[in-house]
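Coordinates in review
The chain contents come next:
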Amino acid sequence: MTLATSRRLTTVSTILFLLGIGHLVSAQETCTGEKIFSSPACNGDETSPDEKALFEAVNSYRVANGKPSLKMSPPLNLLGNRRMLDLNQNLKVTTHSWSNCPYSITDKKTWPCLIDAPRRLRTGYTGDGYETLYRTTNNKVNINAALDAWKKSSLHSSIILNEGTFAPMPWDALGVAIEGQFAVLWFGYSTAAKTSSTAPTAGIGVPLDRFLTGFSGSISIDKDFESGSSLWNGSSADKKLKVALNGNRSEITEAVIDIAAKPDAGRKAIIVSVLANIFPEWTDIDAWLSNSLTQISENPSAWRTKVVRKILIEVKGDDSGFVRLTVRPQVPQAPKEIY
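Residues numbered from 1 in each chain as written. Predicted model: local features only at pLDDT ≥ 70, side-chain atom pairs only at ≥ 80, totals over all residues. Heavy atoms only, no water.

**Examining the pairing of strand β10 (residues 303-308)**
Successive residues of a regular strand alternate their side chains across the two faces of the sheet. Two elements, β10 and strand β11 (residues 311-317), share 6 bridges in a ladder whose sense is antiparallel. Bridge pairing in β11 links Lys306 to Ile313. Hairpin connection of β10 to β11: 2 residues between the antiparallel strands, including Arg309 at a positive phi of 55 degrees. (Pairing = 2+ DSSP bridges. Helix = DSSP H or I, 4+ residues; strand = E, 2+ residues; numbered from the N terminus.)

Have a look at this one:
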């Protein structure tokens, strides 16, 4: 028996009548070789109880971290199953390549092998796809172990929670697949979302004077600030609050603020005031910042992100004992190699 036939064999070869409407469902077949990529229905394309459980666990993790739950996508589930068939039958290693489409993070020409996979395999999902892979040394994937491994990896966690590099990519669908030693998540990113959410803006939407008002005289800017340089730096007297700005007097294009890893209430209030000057419509700045600082104090490698008006706000730990807050326009992101 092949790996494909061992995977939840279900053959559908009849006409189902739903609400009085006849709907023809293609018969599933054992898919090997080229059929993995061309067959309309392979054994295992249906969703198993374990895959449903993993889908629900991923959504629970998102909701617990303030993210909306995602819809299950049958096309992305199908894509996930074809990955399982290809990985188990052909590749047998953890890779983002397909056996008929090599992928390398260092070669932009190969990126469509990953991102265009939902369209290339004609799954019916028209947006881009991003995957995370998991492999165990056991013969069968444990759902809890897979999710725990992804949680512990800052890169995997960031793709699941739309944080860091993946904050500008609002997932609109999720597909899952499990087979043997492998599990995969496929996150969908629609063309409509890409057009409306990732177009970069010229700056962060505030002039220099308005930005500095939030600091209330608590920092002093170096001479370059007055000389017209596009990169200006400033700091508090005790050097526990540092600021670097890019742009000009009429538009700040990027702001980087470093504060001590455990800021006192006064310094935290300064950061809240600065953000409020930039984003008057953002009503829960204090709560979001407090939650972010708490998470980073518990895990210095963690980061939190927020998008307001196509401006990305990112807070993450720093090896030098500071927390770094960056405010910049969203920009399209290149793929990252994560499994």
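**Digging into the state of the cysteines**
Two cysteines, two sulfur atoms, one covalent bond between them: this is a disulfide. In this structure the tally under the stated criterion is 2 disulfides. Two residues share a disulfide in this structure: Cys31 and Cys42, whose sulfurs sit 1.9 Å from each other. A torsion of -95 degrees about the S-S bond marks the disulfide between Cys31 and Cys42 as left-handed. Of this pair, Cys31 sits in the loop between β2 (21-24) and α2 (35-38) while Cys42 sits in the loop between α2 and α3 (49-64); the two residues are 11 residues apart in sequence, bridging distant segments of the chain. Exposure class is identical for Cys31 and Cys42. Each is buried. (Disulfide = S-S within 2.5 Å. Buried < 20%, exposed > 50% of the residue type's maximum accessible area, 1.4 Å probe, protein only.)

**So, the sheet that holds strand β3 (residues 128-135)**
One open sheet holds the 3 strands; their spatial order is β3-β5-β4, and the pairing between them is antiparallel. The outermost strands of the open sheet, each flanked by one partner alone, are β3 and β4 (173-179). The average angle at which neighbouring strand axes cross in this sheet is 15 degrees, direction not considered. Here 8 bridges tie β3 to strand β5 (residues 182-189), and the two strands are oriented antiparallel to one another. Within β5, the position partnered with Arg135 by the bridge is Phe182. Relative to the sheet, helix α7 (residues 143-152) contacts β3, β4 and β5, its axis offset from that of β3 by approximately 115 degrees. (Axes fitted to C-alpha atoms, helices over the stretch in contact; angles between N-to-C directions. Contact = heavy atoms within 4.5 Å.)

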